[in-house]
Amino acid sequence: MCGIIGYVGDRNAVPIIVEGLKKLEYRGYDSAGIAVYGADSFDIVKCKGRLSELEKQLAGHSLASHMGIGHTRWATHGEPSDVNSHPHVGSQNKIVVVHNGIIENYQQLKERLEHRGIEFASQTDSEVIAQLAEYYYNGDLLDTVIHLSTALEGSYACGIMCLDEPDTLIAFRKDNPLIIGVSEHGQFIASDVPAVLTDTDKVYYLDDKEIAMLRKDSVQFFNLDKEPIEKTLETITWSFDSAEKGGYPHFMLKEIMEQPKVVRDTVQSFADDGENARIIEKLDIANFDKVVIAGCGSAYNAGVVAKYVFEQLCRMSVEVELASEFRYKDAIVDEKTLVILISQSGETADTIAALREAKSKGAATLAIVNVVGSTIAKEVDFCLYTIAGPEIAVATTKAFSAQLIVLYLLALELATKRENVTDEVRQSLRDDIAALPDKIAEILEHIGAIQKYASESVGSKSIFFIGRNIDYAIALEGSLKLKEISYIHSEAYAGGELKHGTMALIEEDTLVVTIANCASLYRKIMSNAEQVISRGAKVLLISNNPEAKKSVGEFGDGSSEPDDRLSLISLPEINELFSPSLSIIALQLFSYYVAANKGLDIDKPRNLAKSVTVE
Ligand code: F6R
């Protein structure tokens with residue numbers, strides 16, 4: 001995720017763009033840059049690092065222009081560096097571009113352009129847009145953008161300027177957001193409304209495959225057939241604070257809501273020509289007789305889910321280790337072991353240490369990381385990226401969901417290479433995974449029941465989470481989410497374990513969240529639920545089992561009337577191997593609304609930090 005901004009008008013574009021970038025920095029802060037229209041060339045200043053670095057550099061330039069574009073980057077293709085920073089200009093210095101998104105066919109386009117002698121300066125997918133635009137340019141930037149829109153695959157929100165067209169700023173998009181701001185002194189493009197709110201509350205929302213052509217005192221919209229289109233000018237009524245969170249009260253809720261897109265983008269990275277697919281291709285699974293997964297906190301919990309998926313699909317034994325333990329245990333790993341490290345930040349000290357320990361023993365290492373260019377990403381043998389974008393809330397949500405997707409697809413590819421699954425089964429499992437974004441969106445559209453249940457659970461002293469098999473794995477994450485943001489004590493147990501001690505903690509009205517998606521174990525987990533209900537507990541059932549609705553009326557006094565000690569959050573049906581991706585949405589929302597009802601600082605829970613770089 002990156003932030004883009006552009007301005008054309010009566011005022012100097014430079015301070016306007018810098019102020020706009022400040023509002024967009026939450027979208028990425030690997031590098032920042034600005035390009036403004038100059039007399040006979042573009043003036044471009046860009047550098048690695050935060051926006052403050054760019055500001056220092058700008059202090060040494062006397063940049064001024066009526067038109068310009070700016071960018072704050074969250075790196076996906078190409079490490080954070082000066083040269084990979086946006087804006088990108090073509091090699092004729094004629095067309096300059098800022099881009100948010102991923103150009104999936106950039107490699108093919110780049111090779112074609114290179115065959116024609118065009119030299120690329122950066123490792124980014126985005127530079128291909130500027131180079132291709134120069135290649136297509138025939139004296140009309142609008143024609144060029146239409147041509148580009150048919151050639152580019154993937155997602156993009158772009159601002160583009162051409163040296164031959166001193167009054168024209170063009171914006172176009174597909175699958176990434178763009179708004180057009182209209183003010184008395186000029187027109188804006190931006191990734192998000194906060195970037196323009198200082199100057200105007202009047203915006204157009206650009207839709208997919210629409211083009212906006214901005215001049216100092218006009219904005220025109222076109223479709224890809226170059227036909228003019230009418231759009232409605234909207235008035236923004238949000239405050240600055242909430243707007244920075246996309247209108248949500250907390251980043252955590254915003255990030256929960258982003259999960260359909262994050263999951264879709266991460267699945268896409270495993271498409272035939274996707275970056276992650278290419279990495280997996282290089283992995284020689286026949287080499288390994290053992291898989292070890294290590295991570296901390298939620299990343300560890302993703303590993304526990306993965307153990308069930310890998311063992312089921314690949315029929316090989318998988319160990320899951322807390323990275324903080326693995327690093328000191330003189331682990332039995334060697335060159336026949338694949339060690340998988342999971343980390344959102346790629347900077348967690350214990351996970352880095354586990355990686356180094358595994359490497360020192362000769363194991364092959366593979367990491368699943370969200371932050372491009374992080375230490376783990378650089379040091380590991382193979383790196384698969386989660387396409388989650390920057391995660392700001394300390395409690396992970398969307399990065400965890402993206403980790404699950406990478407782990408499912410990794411397990412599936414390894415199972416295919418080991419010939420544990422047929423091509424038909426592989427395809428059908430891939431279809432199940434591809435169906436997840438819509439099913440997640442379905443849960444997000446019906447959050448009323450979860451909100452209500454959460455508001456009734458605020459007073460709980462202790463909340464337990466139980467499940468069996470893969471439902472137990474996701475219960476671990478549900479419990480961690482709740483305790484870290486709501487400060488309510490919580491534990492997760494395998495359903496069958498309760499009777500071995502924990503049952504002693506069940507009191508009148510203790511809440512036991514029961515996850516029940518494994519069809520073959522449904523009766524077993526429901527019998528565990530019944531055991532706690534008969535000792536006074538209340539059960540919140542999270543299930544996609546068709547039996548669940550009936551079960552709600554089966555307990556307590558044996559009548560068919562709903563029992564107030566058993567409530568149900570129904571999930572969409574899905575192959576049970578991938579059901580954690582749906583359960584976790586309900587569990588995240590439950591935790592979020594419990595904490596919200598308590599009025600807590602959800603994005604920055606006490607005593608915690610986003611990236612734990614110390615032991
Ligand atoms: C919990 C959470 C933490 C992280 C853990 C590892 O919501 O965010 O438990 O999962 O600190 O961090 P990364 O994934 O950055 O290595």
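As shown above, the structure is provided for reference.
Quick look at the structure, then.

Rules used in this analysis
- Residues numbered from 1 in each chain as written.
- Predicted model: local features only at pLDDT ≥ 70, side-chain atom pairs only at ≥ 80, totals over all residues.
- Heavy atoms only, no water.
- Pairing = 2+ DSSP bridges.
- Helix = DSSP H or I, 4+ residues; strand = E, 2+ residues; numbered from the N terminus.
- Near = heavy atom within 4 Å.
- Polar contact = N/O pair within 3.5 Å; in protein donor to acceptor, adjacent residues only side chain to side chain.
- Axes fitted to C-alpha atoms, helices over the stretch in contact; angles between N-to-C directions.
- Contact = heavy atoms within 4.5 Å.
- Buried < 20%, exposed > 50% of the residue type's maximum accessible area, 1.4 Å probe, protein only.
- Arc of directions from axis to C-beta.
- Core = buried A, V, L, I, M, F, W, Y, C linked by side-chain atoms within 4.5 Å.
- Parallel < 35°, antiparallel > 145°, perpendicular 65-115°, else oblique.
- Left-handed = near helix turned anticlockwise from the far one by under 90°.
- Salt bridge = Lys/Arg side-chain N within 4 Å of Asp/Glu carboxyl O.
- Phe/Tyr/Trp six-rings, centres within 6.5 Å; stacked < 30°, edge-to-face > 60°.
- Lys NZ or Arg CZ within 6 Å of the ring centre and 35° of its normal.

**Details of the sheet that holds strand S11 (residues 202-205)**
(1) Moving on: Here 8 strands make up an open sheet; going across it, the order is S3-S2-S4-S1-S10-S9-S11-S15 and the pairing antiparallel. Each of the sheet's edge strands pairs with one partner strand only, and the pair in question is strand S3 (42-48) and strand S15 (234-235).
(2) Moving on: Relative to strand S10 (residues 186-190), strand S1 (residues 3-9) is paired through 5 bridges, and the arrangement is antiparallel. The residue bridging Tyr7 from the neighbouring strand is Phe188, located in S10.

**Focus on the site of the ligand**
(1) Moving on: Around the ligand there are 13 residues in total, and Ser343, Gln344, Ser345, Thr348 and Glu484 lie nearest to it.
(2) Moving on: Contacts to the ligand include Gln344, whose backbone N or O atom sits 2.6 Å from an oxygen atom.
(3) Moving on: Within the backbone of Val394, a nitrogen or oxygen atom sits 3.3 Å from an oxygen atom of the ligand.
(4) Moving on: Those elements giving two or more residues to the shell around the ligand turn out to be helix H10 (297-314) and helix H18 (470-486).

**Quick look at the sheet that holds strand S25 (residues 566-570)**
(1) Moving on: Strand order in the open sheet formed by 5 strands is S22-S21-S23-S24-S25, with parallel pairing between adjacent strands. At either margin of the open sheet sits one strand with a lone partner, and together these are strand S22 (489-494) and S25. When strand polarity is set aside, the average angle formed by the axes of neighbouring strands in this sheet is 20°.
(2) Moving on: The sheet contact formed by strand S23 (residues 511-515) and strand S24 (residues 538-543) spans 5 bridges and is parallel. Residue pairing for S24: Leu511 is matched across the bridge by Lys538.
(3) Moving on: With respect to the sheet, helix H21 (residues 580-597) is in contact with strand S21 (462-467), S23, S24 and S25, its orientation differing from that of S23 by roughly 160°.

**Things to note about the pairing of strand S6 (residues 95-103)**
Every regular strand shows the same layout, with side chains that alternate between the two sheet faces.
(1) Moving on: Of all the 9 residues making up S6, 9 are buried; the element is thus mostly covered by neighbouring parts of the structure.
(2) Moving on: Taking the residues that link successive antiparallel strands as the turn, the strand S5 (residues 88-89)-S6 hairpin has 5 residues, and the phi of Asn93 there is positive, at about 55°.
(3) Moving on: With 9 bridges connecting them, S6 and strand S7 (residues 154-162) associate as antiparallel partners. Bridging from a neighbouring strand, Val96 pairs with Met161 of S7.

**Regarding helix H2 (residues 51-59)**
Since there are 3.6 residues in each turn of an α-helix, residues three or four apart along the chain are aligned in direction.
(1) Moving on: For H2, the set of buried residues is Leu51, Leu54 and Leu58. The buried side chains of H2 occupy one side of the element, clustering within an arc of 55° when seen end-on. Exposed residues pointing more than 90 degrees away from the buried face of H2 are listed as Lys56 and Ala59.
(2) Moving on: In this structure, the buried residues of H2 make contact with helix H1 (13-24), strand S2 (31-37) and S3.

**Observations concerning the nonpolar core**
(1) Moving on: Counting 94 residues, the largest nonpolar core has Phe310, Leu313, Ile340 and Phe590 as its most contacted members.
(2) Moving on: By residue number, the principal contributor to this core is helix H14 (residues 398-417), which donates 12 residues.
(3) Moving on: The contact partners of Leu313, leaving out residues within four places of it in the chain, are Ala411, Leu412, Ala415, Asn420, Val421, Leu429 and Leu577.
(4) Moving on: Core analysis: the next-biggest nonpolar cluster, separate from the first, contains 31 residues, Ile129, Phe172, Ile211 and Met213 among them.

**Describing the packing of helix H16 (residues 436-445) against H21**
(1) Moving on: Where H16 meets H21, the closest approach of the two axes is 10 Å, and the angle between their N-to-C directions is 25°. Relative to H21, H16 is oriented roughly parallel. In the crossing of H16 with H21, the sense of the turn from one axis to the other is right-handed. Across the interface between the two elements, Leu436, Lys439, Ile440, Ile443 and Leu444 from H16 touch Ser581, Leu582, Ile585 and Leu589 from H21.

**Quick word on the pattern of salt bridges**
(1) Moving on: The final tally for this structure, using the stated rule, is 33 salt bridges.
(2) Moving on: The partner of Arg264 in a salt bridge is Asp438, with the nearest N and O atoms 3.1 Å apart. Pair noted here: Arg264 is in helix H8 (residues 259-268) and Asp438 is in helix H16, with a separation of 174 residues, a long-range link.
(3) Moving on: Classification of Arg264 as partly exposed rests on a relative accessible area of 43%.
(4) Moving on: Taking the relative accessible area as the measure of exposure, Asp438 reaches 52% and is therefore exposed.

**Remarks on the packing of aromatic side chains**
(1) Moving on: Inspection of every chain in the model, using the stated rule, returns 8 aromatic pairs.
(2) Moving on: Ring centres of Tyr37 and Phe42 lie 5.9 Å apart, and the angle between their planes is 85°; on these two criteria the pair is classed as edge-to-face. Summarising the burial analysis for this pair, Tyr37 and Phe42 share the class buried.
(3) Moving on: Above the face of the Tyr487 ring, Arg606 is positioned so that its terminal group lies 3.8 Å from the ring centre.

**What about the side chain of Thr337?**
(1) Moving on: Looking at the secondary structure, you find Thr337 in strand S18 (residues 337-343).
(2) Moving on: Thr337 sits in the buried class, given a relative accessible area of 2%.
(3) Moving on: Dropping the residues within four chain positions of it, Thr337 is found in contact with Phe288, Lys290, Val292, Ala363 and Ala364.

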